[in-house]
Amino acid sequence: MPVLVPPSLMADGDTGDFGSYGGRHVPDPLQGPLAELAGAYDEVASTEAFQDELDRLRREYAGRPTPLYHAENLSERHGADIYLKREDLLHGGAHKLNNTLGQALLAKRAGRERLIAETGAGQHGTATAMVGALLNLETEIYMGEKDVERQKMNVFRMRLLGAEVNEVTRGGAGLADAVDAALEDFAENVDDTHYLVGSVVGPDPFPRMVRDFQSVIGEEARAQFRERTGDLPDAAVACVGGGSNAIGLFHAFRDDDVAFYGAEGGGEGADSERHAAPLAGGEDGVIHGMKTRVIGDDVEVHSVSAGLDYPGVGPEHAMFRDLGRAEYTGVTDDEALAAFRELSEAEGIIPALESAHAIARAVQLAEAGEHDSILVNLSGRGDKDMETAARKFDLG
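Residues numbered from 1 in each chain as written. Predicted model: local features only at pLDDT ≥ 70, side-chain atom pairs only at ≥ 80, totals over all residues. Heavy atoms only, no water.

## Here we look at the overall build of the protein
Now for step 1: Scanning the protein for helices and strands turns up 16 helices and 16 strands.
Now for step 2: On C-alpha atoms alone, the protein measures out to a radius of gyration of 19 Å, which is about the 21 Å that the 2.2 N^0.38 rule sets for 396 residues.
Now for step 3: For the C-alpha atoms alone, the extent of the protein along its principal axes is close to 55 × 45 × 45 Å.
Now for step 4: The proportion of buried residues among the 396 residues of the protein is 63%.
Now for step 5: As presented, the protein carries roughly 14800 Å² of accessible surface, and 46% of it is formed by carbon and sulfur atoms. (Helix = DSSP H or I, 4+ residues; strand = E, 2+ residues; numbered from the N terminus. Rg over C-alpha atoms; globule rule 2.2 N^0.38 Å. Buried < 20%, exposed > 50% of the residue type's maximum accessible area, 1.4 Å probe, protein only. Areas by Shrake-Rupley, 256 points an atom, 1.4 Å probe, with all protein chains shown as cover.)

And the structure:
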């Protein structure tokens, strides 16, 4: 049976601690605004009026609930029942809208007039631009230069939705650098701006706030799975970059006899010095306002999927790792690309490259005979990755 999470290690409402991880490791000028945001979240988010409006937008705008799909062809190939939670069918093509709707509603109620966000694969930036348009909020997105190049369609979508996209060229020109730029903007404009963090990362209250908004994934999946099968899955699998889609799936099952597996960006392989797997191959450290697991300076952060290309991870995942509640494994670029192609050919579903990491890990577990039923969070669709895939596969 999986190790349960002691109540004493749940996120503390005042400090945002997850065991020895989390917290608010930020300069003094940001302590006050973050404490104010935490207070507003604790006061407003649980109210009936807020929840009613969020539920309405989830249904009418986002298209919830998303379906649970039994991937029969994939299951037959690999010897276990594999089910997909179809977050790729959410408006915008990924799970990101669950979080941006919640945070943008909170920002609107707090009187903020401007949203800023970081993005890697562009799905969070797109979801932020969507809610900015919906709620008439000025929106500005920070995106690394290398991600702008490989995610051109999402850049176009953000701009079409009325958002300003700032191309970040410093450092490695990736997601971590986009986060740095967004944090600097937030520090300079705290009075009228809400920083809409895209994952369960950063200083409190972001890790617990994003988790709560994404937990609708697991709540729906748990009910759907029980209705479909009369039971719960043996295992739940999700890709992990910052980790919001994974926590969104795991949270509803945290006290159940369901094993958790996170698939990180393994890059070029287990012994490579180019990967994005801080849980499987990192160390404790402080990054972007939180204590968590980070990739060491001697490793180049790399994944074929832009959304996993991050040197840290959400502190709750770091806690799950230490407790043994979840197992985190690096999935290589080649393994993810093979799963990307297999799901496309076997089920007629083209996943995001991020989600393909989770499919690859589920297939590994099925073939090992470790579990009879496996629930995978298909966190996004693969439209954005067509250029990358076209370069990898000769389909002409």
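## Structural notes on the side chain of Arg 254
Now for step 1: Mapping Arg 254 onto the fold places it in the loop between helix H11 (244-250) and strand S10 (259-267).
Now for step 2: Engagement of the side chain of Arg 254 in a polar contact is seen with the side chain of His 251, the distance being 3.0 Å.
Now for step 3: One polar contact links Arg 254 to Glu 316, side chain to side chain, over a distance of 2.8 Å. (Polar contact = N/O pair within 3.5 Å; in protein donor to acceptor, adjacent residues only side chain to side chain.)

## Quick look at the pattern of salt bridges
Now for step 1: For the coordinates displayed, the defined rule picks out 33 salt bridges.
Now for step 2: Between Glu 342 and Arg 77 there is a salt bridge; the shortest N-O distance is 3.1 Å. Of this pair, Glu 342 sits in helix H14 (residues 333-347) while Arg 77 sits in helix H3 (residues 72-78); the two residues are 265 residues apart in sequence, bridging distant segments of the chain.
Now for step 3: Arg 150 is the salt-bridge partner of Asp 147, the closest N and O atoms lying 3.1 Å from each other. Within this pair, Asp 147 and its partner Arg 150 are both found in helix H6 (residues 145-150), separated by three residues, close to a single helical turn. With respect to class, Asp 147 is no different from Arg 150; both count as buried. (Salt bridge = Lys/Arg side-chain N within 4 Å of Asp/Glu carboxyl O.)

## Brief notes about the packing of helix H5 (residues 123-134) against helix H7 (residues 152-160)
Now for step 1: Running from N to C, H5 and H7 point in directions that differ by 15°, and their axes come no closer than 9 Å. For the element pair H5 / H7, the angle class is roughly parallel. By crossing handedness, the relation of H5 to H7 is classed as left-handed. Here Gln 123, Gly 125, Thr 126 and Ala 129 of H5 come into contact with H7, specifically with Asn 154, Arg 157 and Met 158.
Now for step 2: Per-class residue counts for the contact of H5 with H7 are two nonpolar, four polar and one charged. (Axes fitted to C-alpha atoms, helices over the stretch in contact; angles between N-to-C directions. Parallel < 35°, antiparallel > 145°, perpendicular 65-115°, else oblique. Left-handed = near helix turned anticlockwise from the far one by under 90°. Contact = heavy atoms within 4.5 Å. Nonpolar A, V, L, I, M, F, W, Y, C, P; charged D, E, K, R; others polar.)

## Brief notes about the pairing of strand S13 (residues 290-294)
If a strand is regular, its side chains alternate between the two faces of the sheet.
Now for step 1: In terms of residue burial, S13 counts as a mostly covered element, since four of its five residues are buried.
Now for step 2: The sheet contact formed by strand S12 (residues 283-287) and S13 spans five bridges and is antiparallel. Looking at S13, one finds that Gly 285 is bridged to Thr 292. (Pairing = 2+ DSSP bridges.)

## Overview of the packing of aromatic side chains
Aromatic ring pairs are reported here in terms of the distance separating the ring centres and the angle at which the planes meet.
Now for step 1: Scanning the model with the defined rule gives eight aromatic pairs in all.
Now for step 2: Their ring planes at 65° and their centres at 4.7 Å tell us that Tyr 83 and Phe 225 sit as a pair that is edge-to-face. On the criterion of sequence distance, the pair formed by Tyr 83 in strand S4 (residues 81-86) and Phe 225 in helix H10 (residues 216-229) is long-range, its members being 142 residues apart.
Now for step 3: What makes Tyr 83 buried here is its relative accessible area of 8%.
Now for step 4: Here the aromatic cluster, defined as three or more aromatic residues joined through ring pairs, consists of Tyr 41, Phe 50 and Phe 213.
Now for step 5: Sitting above the plane of the Phe 260 ring, Arg 325 keeps its charged end 3.7 Å from the centroid. (Phe/Tyr/Trp six-rings, centres within 6.5 Å; stacked < 30°, edge-to-face > 60°. Lys NZ or Arg CZ within 6 Å of the ring centre and 35° of its normal.)

## Notes on the sheet that holds S4
Now for step 1: Strand order in this open sheet of six strands is S3-S4-S16-S9-S10-S15, and the pairing throughout is mixed. The sheet terminates laterally at strand S3 (68-70) and strand S15 (326-332), the two strands that pair on one side only. On average, each strand axis in the sheet is inclined to that of its neighbour by 25°, with strand direction left out of account.
Now for step 2: Pairing of S4 with strand S16 (residues 373-378), which is carried by six bridges, proceeds in the parallel orientation. Within S16, the position partnered with Arg 86 by the bridge is Leu 378.
Now for step 3: Contacting S3, S4 and S16, H10 runs over the sheet at an angle of about 140° to S4.

## Concerning unusual backbone geometry
Now for step 1: Residues Arg 64 and Pro 65 are joined by a peptide bond in cis, for which omega reads 0°.
Now for step 2: Mapped onto the fold, Pro 65 is located in the loop between helix H2 (48-62) and S3.
Now for step 3: With an omega of 15°, the peptide bond running from Asp 204 to Pro 205 counts as cis.
Now for step 4: By secondary structure assignment, the location of Pro 205 is in the loop between strand S8 (193-195) and helix H9 (206-214).
Now for step 5: Despite not being glycine, Asn 136 shows a phi value in the positive range, around 60°.
Now for step 6: Position of Asn 136 among the secondary structure elements: in the loop between H5 and strand S6 (138-144).

## Notes on the sheet that holds S6
Now for step 1: With respect to topology, four strands assemble into an open sheet ordered S7-S6-S5-S8, the strand pairing being parallel. Single-partner strands in this sheet number two, and they are strand S7 (164-168) and S8. For this sheet the average axis-to-axis angle between neighbouring strands, irrespective of direction, equals 20°.
Now for step 2: Note: strand S5 (residues 114-119) against S6, six bridges, orientation parallel. Following the sheet pairing, Ile 116 is matched in S6 by Glu 140.
Now for step 3: Lying over the sheet, helix H8 (residues 175-188) contacts S5, S6, S7 and S8, oriented at roughly 160° with respect to S5.

## What about the packing of helix H4 (residues 96-109) against H9?
Now for step 1: Where H4 meets H9, the axes come as close as 8 Å, and the angle between the chain directions of the two elements is 115°. For the pair H4 and H9, the crossing hand works out as right-handed. Along its contact with H4, which presents Lys 96, Asn 98, Asn 99, Gly 102, Gln 103 and Leu 106, the element H9 presents Phe 206, Met 209, Val 210, Phe 213 and Gln 214.

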